[in-house]
Amino acid sequence: MPALTLAMDSEKDSQVATATEPAVRAVKERDADVTLKIIEDHGHEIGPLTPEKEKKLRRKLYLHIMVLVSAINLILFVDKSSLGYAAILGLFEETGISKAQYNNLNTFFYVGYLVAQWPGHYLMQRLPFGRFVAVVVFCWAVIIFLHCVATNYAGLVVVRILLGAVEAVIVPAIEITIGMFFNREEQSFLQPIFWITCQAAPIVAGFISYGLLWSKGSILPWKLFMITTGGLTFLLSIWTWFCYPNNPSEARFLTLEEKVHVIRRVHSSSQSSIEQKHFKKAQFIETIKDPVSWLFALQAFTLMYSNNLTYGQQNLLTTSLGVTSLGSTLVAVAGGGFGVVVCIIATWALRRWPKELAWHGLIWCLPAIAGGIGMVTIRWTEKIGMLACLLLAGHTYGTTYIIALGWTTSSAAGYTKKLTRNVMFMIGYSVGNLVSPQIWVPSAAPRYYGAWASMIIVAWAGTPAILFVIRFILARRNEERRKWAAELSDDDRDGIVEEVDENGEVVRRKVDLAMLDLTDLENKFFIYPL
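Reading the values: rules and limits
Residues numbered from 1 in each chain as written. Predicted model: local features only at pLDDT ≥ 70, side-chain atom pairs only at ≥ 80, totals over all residues. Heavy atoms only, no water. 1 Å grid on protein atoms, 1.4 Å probe; cavity = no way out; pocket = protein on both sides within 12 Å on 5 of 7 lines; lining within 4 Å. Points joined across faces, edges and corners; volume = space filled by probe spheres on them. Helix = DSSP H or I, 4+ residues; strand = E, 2+ residues; numbered from the N terminus. Nonpolar A, V, L, I, M, F, W, Y, C, P; charged D, E, K, R; others polar. Core = buried A, V, L, I, M, F, W, Y, C linked by side-chain atoms within 4.5 Å. Buried < 20%, exposed > 50% of the residue type's maximum accessible area, 1.4 Å probe, protein only. Patch = residues over 30% accessible without salt bridge, like charges linked within 9 Å, V, L, I, M, F, W, Y side chains within 5 Å. Areas by Shrake-Rupley, 256 points an atom, 1.4 Å probe, with all protein chains shown as cover. Salt bridge = Lys/Arg side-chain N within 4 Å of Asp/Glu carboxyl O. Phe/Tyr/Trp six-rings, centres within 6.5 Å; stacked < 30°, edge-to-face > 60°. Lys NZ or Arg CZ within 6 Å of the ring centre and 35° of its normal. Axes fitted to C-alpha atoms, helices over the stretch in contact; angles between N-to-C directions. Parallel < 35°, antiparallel > 145°, perpendicular 65-115°, else oblique. Left-handed = near helix turned anticlockwise from the far one by under 90°. Contact = heavy atoms within 4.5 Å. Expected span 1.5 Å × (residues − 1).

Visitor: Can you break down the layout of surface pockets residue by residue, with the values?
Guide: Approximately 600 Å³ is the volume attributed to the largest pocket. As for the largest pocket, its lining consists of 28 residues, of which Arg 184, Ser 188, Pro 354, Pro 529 and Leu 530 are closest to the centre. Mapped by element, the contributors of at least two residues to the lining of the largest pocket are helix H11 (184-212), helix H13 (256-270), helix H17 (325-352), helix H21 (398-410) and helix H23 (449-485). Looking at the lining of the largest pocket element by element, the count peaks at 7 residues for H11. Residue classes in the lining of the largest pocket are distributed as 13 nonpolar, 10 polar and 5 charged.

Following this line, the structure appears as structure tokens:
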């Protein structure tokens, strides 16, 4: 196991650094958290957060942050699955594409997704966060509209690549936003609630498709689907422009006191910075050297190896079982409803057992394995059994993706390191989705034995195994850090910010260590979530 050997070497280096490195760290003011100024200017004016005020603050954050990011995620996954619904709404008939070309279009979407990862994350760090997200949402609305004028294979290739490029960094941006405003405990149970919108996307898209299949006009239903979803996305971009915050210190819906309390809660919980606008080469290099980053990227690939099942093949598999196009839209709605129930159960389980993320990831891959086995063993004529296994396989493993995505960010500190690890995760995600459509070889239809067998082994058994390796590494680091921290005094737990005054002298100010934008390997007080 090369990855585990590399991890052991990294742990030895970490242990040596822990034993010799001083606790107090100093950085220049420009390299500190962007929220440092508001805390230094007004933190002394704000008293402690009372339980009553905290309850009110949480409700406000749920209303202004979670509602907006959930709406973005819902429309994102409706748009992402638009080709799958177009396939039963007349796309093949008008464009003349083959099944193999259809699979290629799903792959081309992730070519754009992959290429745009690093440029998108760079712009996300350098530009005002809220405005960046709003412009991206507007661009993807325009590209959805442009699908209507792509009436041949070449045109569809172009718009699918462009759509993948503009959607590439939306999910990481939302994850970072949740990390800016909510503490670790809240993040763990908010993740499944947030991703209910992902599972609900087939319900929305299914009902839209069902209605459009009754249309009798000159415009084919698949184009009406693009016009409808494009219009919804355009309206969403306007809402995002006016309401998406850059960070807690610039959130217009919060009072000054609430801004300070949000920042304090996040820093106290995570021992990590909220935002930093400068790219730090040292953090980039550390991320590349950290074996945990590669393991998260690898499990993103393995799990997404199966993703085309849900977003590209499900409707076609349903119709191949003899279900009508109208009926397949209702099957998609049923699948979405089942996925929502799964997310609700996962939310309860994560609140009940918040420190067992790898076990949660394993549990939600087991139903997918069972569904996959059913799809290759049940007789093809048993339609109800086949449909049940199809939905079981396609709408449960997504919870493991949700858990892993949140864990990827919450187990890293340092803004550049978080962004770099996100890029690595999304590259793994993109490559998995590039490969996923190609395992559905047309000549293997309708049973696709090879596709199902490979998904069971690579995606639904392989991914949990990687998550347990990650857990082993992080648990060892935590054990070493707790022993080290127990020997320190309170004075060793502060950081220093340096700035040059008007006389050219260096002024040193003591601040909370979380304000320094240190990485998790630099800040030995950082405890990894498990």
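And the narrative resumes.
Visitor: Run through the nonpolar core, naming residues and quoting values.
Guide: Within the largest apolar cluster, 149 residues are counted, with the highest numbers of intra-cluster contacts made by Trp 140, Phe 181, Tyr 401, Trp 452 and Trp 460. Core analysis: the next-biggest nonpolar cluster, separate from the first, contains 6 residues, Trp 484, Leu 516, Leu 518 and Phe 525 among them.

Visitor: If you had to explain a nonpolar patch on the surface to someone new, which residues and values would you point to?
Guide: Residues Val 135, Phe 138, Val 142, Phe 145, Leu 146, Val 149, Ile 227, Phe 234, Leu 235, Ile 238, Trp 241 and Phe 242 make up a contiguous nonpolar surface patch of about 1100 Å² in total accessible area. Secondary structure elements with two or more residues in the nonpolar patch: helix H8 (129-146) and helix H12 (221-243). If you tally residues by element for the nonpolar patch, the top one is H12, at 6 residues. Among the structural elements, Leu 235 can be located in helix H12. The exposure class assigned to Leu 235 is exposed, which follows from its relative accessible area of 55%.

Visitor: Would you mind going over the packing of aromatic side chains in detail, with residue names and values included?
Guide: Counted according to the given criterion, the structure contains 24 aromatic pairs. A centroid spacing of 5.9 Å and a plane angle of 15° characterise the contact between Tyr 62 and Phe 182, whose relative ring orientation is stacked. Pair noted here: Tyr 62 is in helix H3 (residues 51-80) and Phe 182 is in the loop between helix H10 (170-181) and H11, with a separation of 120 residues, a long-range link. Relative to Tyr 429, the ring of Tyr 401 lies with its centre 5.6 Å away and its plane at 35°, an arrangement referred to as tilted. Within this pair, whereas Tyr 401 is found in helix H21, its partner Tyr 429 is found in helix H22 (residues 415-435), the two being separated by 28 residues in sequence. By relative accessible area, Tyr 401 is classed as buried at 8%. Among the aromatic residues, those joined into a cluster by ring pairs are Phe 109, Tyr 110, Tyr 113, Tyr 401, Phe 425 and Tyr 429. Cation over ring: Arg 131 sits above Trp 241, and NZ or CZ is 4.2 Å from the ring centre.

Visitor: Describe the pattern of salt bridges, listing the residues and the values that go with them.
Guide: Taken as a whole and assessed by the stated rule, the structure comprises 17 salt bridges. For Lys 60, the salt bridge identified is with Glu 258, shortest N-O distance 2.8 Å. With Lys 60 in helix H3 and Glu 258 in helix H13, the pair connects residues that are 198 residues apart, well separated along the chain. In this structure, a network of salt bridges that share partners links the residues Glu 286, Asp 290, Lys 417, Arg 421, Arg 477 and Asp 520.

Visitor: Explain the packing of H8 against H12 residue by residue, including any values.
Guide: The description of two packed helices rests on the angle between their axes and on the distance between the axes. Orientation of H8 relative to H12, taken along the N-to-C sense of each, is 165°, at an axis distance of 8 Å. Taken together, the axes of H8 and H12 are roughly antiparallel relative to one another. Here H8 and H12 pass one another in a crossing that is left-handed. Two secondary-structure elements touch here, H8 through Arg 131, Val 133, Ala 134, Val 135, Val 137, Phe 138, Trp 140, Ala 141, Ile 144 and Phe 145 and H12 through Met 226, Ile 227, Thr 229, Gly 230, Gly 231, Thr 233, Phe 234, Leu 236, Ser 237, Thr 240 and Trp 241. Residues of the contact of H8 with H12, tallied by class, amount to 14 nonpolar, 6 polar and 1 charged.

Visitor: Which residues make up H21, and what values do they have?
Guide: Taking 1.5 Å per residue as the helical rise, H21 with its 13 residues ought to reach 18 Å, and the 19 Å between its terminal C-alpha atoms agrees with that figure. The element H21 is extensively covered by neighbouring structure, given that 13 of its 13 residues are classed as buried.

Visitor: Account for helix H6 (residues 99-115), naming residues and giving values.
Guide: For H6, with 17 residues, the first-to-last C-alpha span of 25 Å sits near the 24 Å given by 1.5 Å per residue. For H6, the set of buried residues is Tyr 102, Asn 103, Leu 105, Asn 106, Thr 107, Phe 109, Tyr 110, Gly 112 and Tyr 113.

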